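The residues making up each chain are set out below.
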Amino acid sequence: MQNLLRQQSVHIRANYTGVTRLCCRRPFVRRRASVHVAVDVEPQTLQYGKELENAKAAVRLASKLCQIVQRQLSAEERADKKDDSPVTVADYGAQAVVAWVLQWADPASRLSMVAEEDSAELRQPEGRPMLERITQLINSVFAEAKVGVILAPEDVLKLIDLGGSQGGPTGRHWVLDPIDGTRGFVGMRQYAVCLGMLQDGEVVLGVLGCPNLPQGPVGEQDGQEGAAQRAGGSDVGCLFSAHRNHGAYAAPLWDEHADPVRIQVKDLSNPREARFMESVESRHSSHSTTAAMARELGVVLPPLRMDSQVKYGLLSRGCASIFMRFPPPTYKEKIWDHAAGFVIVEEAGGRVTDAGGARLDFSRGRFLQLDRGIIAAPPALHQQLLRAAAKVAVAPLPSEQ
Ligand SMILES: Nc1ncnc2c1ncn2[C@@H]1O[C@H](COP(=O)(O)O)[C@@H](O)[C@H]1OP(=O)(O)O
Ligand SMILES: [Mg+2]
Ligand SMILES: [Mg+2]
Ligand SMILES: [Mg+2]
């Protein structure tokens, strides 16, 4: 695949209107085609401007694939992984699409990507029908977007396995969760395509594609089954993005020409006005611990339960003021489950730490090492949350898992 990719020429041209074109040409593809990306700031003025555009283009394409699959997901299109969590053709397909865009946009550099999925099951004879379905899906999304490339199943396997990097404290590593909240995805609820970029151990870019998230106010029903069915309207589908030191933005997911809008957390200090968010799945995050935290803090509003990193997006846009996550003590948190949301919340003015107050550290490989769980909020509320966490009994995570 490396050789194949090297044969291809890819270049990015930005015009003065801020619309960038990602053009790809392969020797055996006659027609030149393009993926359009709208950018919020002239890419030349940002240190990682081109990378941000590529990340948005990748997330938009992958989100399209996910949306198509969610609307007609069949039993053959999903499987259970060894850890008992679900995976679908869309998880694999989205990972391959993002890897393809990033690789093609920067063919000169060796892509390092830390991503959730790998191709092991698809390489088994029983995985072949799923692999063929994934390949077909990718090619139909590429055709619709006029990418002008047709992938073979072998290409798809290799693209998925580009996500096997270990990350670490030096160099550049993309961090991808192709579908965060797969249980939400199969349950017709919320999910997000999450892409971050690590530079020397720091998350410098984050993009969240949230196909089922309304652009306006969000209520409890938006976290429940049926969110996917309601997602056809033009006011549903959000793209959150952030560039370190340049703020966080929200834009319509399906309109790459729309201007992104700067977003900020809602800087509340009174817990009685605050709404907190947590997982829909109590097996992912203890609802009783968050309820105890809310009582200790004096929060009176009921929780807003949402799947996936859409919670980080909602916090950044001020739709709720607190996010808490207390996974089971044996669970190892992965960097792709938080990288994009982390930089978006910080750039929107919020704080994201573990329950002991340590800022999340993405430089230690594929996993995060956390004291108990994750707490995110605007600064004043965050301080109060840390005081509550010191009083509320939360099962400690083993130091070495
Ligand atoms: N047993 C588990 N405990 C905690 N989190 C889990 C578990 N299984 C999967 N997850 C991950 O929790 C996150 C979803 O959290 P939430 O419930 O808040 O949406 C996802 O990253 C999901 O992975 P995945 O990316 O495979 O969906
Ligand atoms: Mg995840
Ligand atoms: Mg996932
Ligand atoms: Mg998963």
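It should be noted that the structure appears before, not after, this text.
About the criteria used
- Counting restarts for each chain, with residues numbered from 1 along the sequence as it is written.
- Each chain takes a letter, starting from A, and each ligand takes a number, starting from 1, following the order in which they are written.
- Reporting in this predicted model follows two pLDDT cut-offs: at least 70 for local features of residues, and 80 or more for side-chain atom pairs to be given and counted; totals over whole chains, interfaces and linings ignore these cut-offs and use all residues.
- Excluded from the side-chain calculations are hydrogens and water; all other atoms, namely the structure's heavy atoms, are used.
- Exposure is judged per residue with a 1.4 Å probe applied to protein chains only, and the accessible area is read against the type maximum: over 50% gives exposed, under 20% gives buried, and values in between give partly exposed.
- Each helix corresponds to a stretch of at least 4 residues labelled H or I by DSSP, and each strand to a stretch of at least 2 residues labelled E; elements are numbered beginning at the N terminus.
- In short, DSSP must find at least two bridges between two strands for them to pair.
- What counts as a ring pair is set by centres within 6.5 Å for rings of Phe, Tyr and Trp (its six-membered ring), and what kind of pair is set by the plane angle: stacked under 30 degrees, edge-to-face over 60, tilted for all other angles.
- Here a residue-residue contact requires only that any non-hydrogen atoms of the pair lie within 4.5 Å.
- Structural elements are reduced to axes, namely lines fitted to C-alpha atoms, with helices fitted over the stretch in contact, and the angle between N-to-C directions of any two is expressed from 0 to 180 degrees.
- For Na, K and Ca the donor cutoff is 3.2 Å, while for all other metals N, O and S atoms count as donors only within 2.8 Å; water does not appear among the atoms, so some sites may look incomplete.
- Multiplying 1.5 Å by the residue count of a helix minus one yields the expected span of that helix.
- Here is the rule for angles: anything less than 35 degrees is roughly parallel, anything more than 145 is roughly antiparallel, 65 through 115 is roughly perpendicular, and the remaining ranges are oblique.
- What makes a crossing left-handed is the near helix being turned counterclockwise from the far one by less than a right angle; a clockwise turn instead makes it right-handed.
- Classes in brief: Ala, Val, Leu, Ile, Met, Phe, Trp, Tyr, Cys and Pro nonpolar; Asp, Glu, Lys and Arg charged; the others, Gly included, polar.
- Nearness here has a simple test: a residue counts as near a molecule or strand if at least one of its heavy atoms is within 4 Å of that partner.
- Two N or O atoms form a polar contact when they lie within 3.5 Å of each other; inside protein one atom must be a possible hydrogen donor and the other a possible acceptor, and for residues adjacent in sequence the pair counts only when both atoms belong to side chains.
- To measure how exposed things are, a 1.4 Å probe is used in the Shrake-Rupley method; for residues, cover is taken only from the protein chains shown.

Draft legend 1. Region of interest: the pairing of strand S17 (residues 374-377). The alternating pattern of S17 places Ile374 and Ala376 and Ile375 and Ala377 on opposite faces, both of which are buried. Summarising the sheet, strand S16 (residues 351-354) and S17 pair through four bridges and their orientation is antiparallel. Looking at S17, one finds that Val352 is bridged to Ala376.

Draft legend 2. Quick peek at the packing of aromatic side chains. The final tally for this structure, using the stated rule, is five aromatic pairs. Measuring from ring centre to ring centre gives 4.5 Å for Trp100 and Trp104, while their planes differ by 35°; the resulting arrangement is tilted. Within this pair, Trp100 and its partner Trp104 are both found in helix H3 (residues 89-105), separated by four residues, close to a single helical turn. The exposure classification of Trp100 matches that of Trp104, with both residues buried. Taking the centre distance of 4.9 Å and the plane angle of 50° together, the rings of Phe342 and Phe362 count as tilted. Here the residue Phe342 occupies a position in helix H9 (residues 339-347), and Phe362 occupies one in the loop between S16 and S17, the gap between them amounting to 20 residues. With respect to class, Phe342 is no different from Phe362; both count as buried. Connected via pairs of aromatic rings, a cluster forms that spans Trp100, Trp104 and Phe142.

Draft legend 3. Just the sheet that holds S17, in detail. With respect to topology, five strands assemble into an open sheet ordered S14-S13-S15-S17-S16, the strand pairing being mixed. What marks the edges here is a single partner per strand, and that holds for strand S14 (304-305) and S16. Lying over the sheet, helix H7 (residues 287-297) contacts strand S13 (276-278), S14, strand S15 (322-325) and S17, oriented at roughly 170° with respect to S13.

Draft legend 4. Region of interest: the coordination of the magnesium ion (ligand 2). Distances from the magnesium ion (ligand 2) to its protein donors, Asp177 (OD), Asp180 (OD) and Asp337 (OD), fall within 1.9 to 2.1 Å. Positions of the donor residues of the magnesium ion (ligand 2) along the chain correspond to the pattern D-x2-D-x156-D. In this structure the magnesium ion (ligand 3) is found 3.6 Å away from the magnesium ion (ligand 2), and Asp177 serves as a bridging donor for the pair. Of this pair, Asp180 sits in strand S7 (residues 172-180) while Asp337 sits in the loop between S15 and H9, and the two are 157 residues apart along the sequence. Judged by relative accessible area, which is 10%, Asp337 ranks as buried.

Draft legend 5. A look at helix H4 (residues 128-144). The first and last C-alpha atoms of H4 sit 24 Å apart over 17 residues, in line with the 24 Å expected at 1.5 Å per residue. For H4, the complete set of buried residues consists of Met130, Leu131, Ile134, Thr135, Leu137, Ile138, Asn139, Val141 and Phe142. Structurally, H4 contributes buried residues whose contacts are with helix H2 (49-71), strand S4 (78-80), strand S5 (86-88), H3 and helix H5 (153-161). Lys146 sits one or two residues past H4 and shows a positive phi near 55°.

Draft legend 6. Local environment of the packing of H3 against H4. Where H3 contacts H4, the two axes come as close as 9 Å, and the packing angle between them is 50°. Classified by the angle between their axes, H3 and H4 sit oblique to one another. The two elements H3 and H4 cross, and the hand of that crossing is right-handed. Between H3 and H4, the residues in contact are Val89, Tyr92, Gly93, Ala96, Val97 and Trp100 and Met130, Arg133, Ile134, Leu137, Ile138 and Phe142, respectively. Of the residues that constitute the contact of H3 with H4, the class distribution is ten nonpolar, one polar and one charged.

Draft legend 7. Representation of the site of ligand 1 in the model. Around ligand 1, the structure places 17 residues, and the nearest of them are Ser279, His284, Ser308, Lys311 and Asp337. One of the side-chain nitrogen or oxygen atoms of Arg325 is found 3.0 Å away from an oxygen atom of ligand 1. Look at ligand 1: alone it shows 550 Å² of surface, and the protein chains cover 89% of it. Within the residue set of the shell around ligand 1, elements represented by two or more residues are S7 and helix H6 (182-186).

Draft legend 8. Structural detail: the packing of H2 against H4. Packing of H2 against H4 leaves a shortest axis separation of 10 Å and a crossing angle of 120°. With respect to each other, H2 and H4 are oriented oblique. Our pair here, H2 against H4, has a crossing hand that is right-handed. Counting all contacts with H2, which are made through Leu61, Lys64, Leu65, Ile68 and Val69, the residues of H4 involved are Leu137, Ile138, Val141 and Phe142. Of the residues contributing to the contact of H2 with H4, the split by class is eight nonpolar, no polar and one charged.

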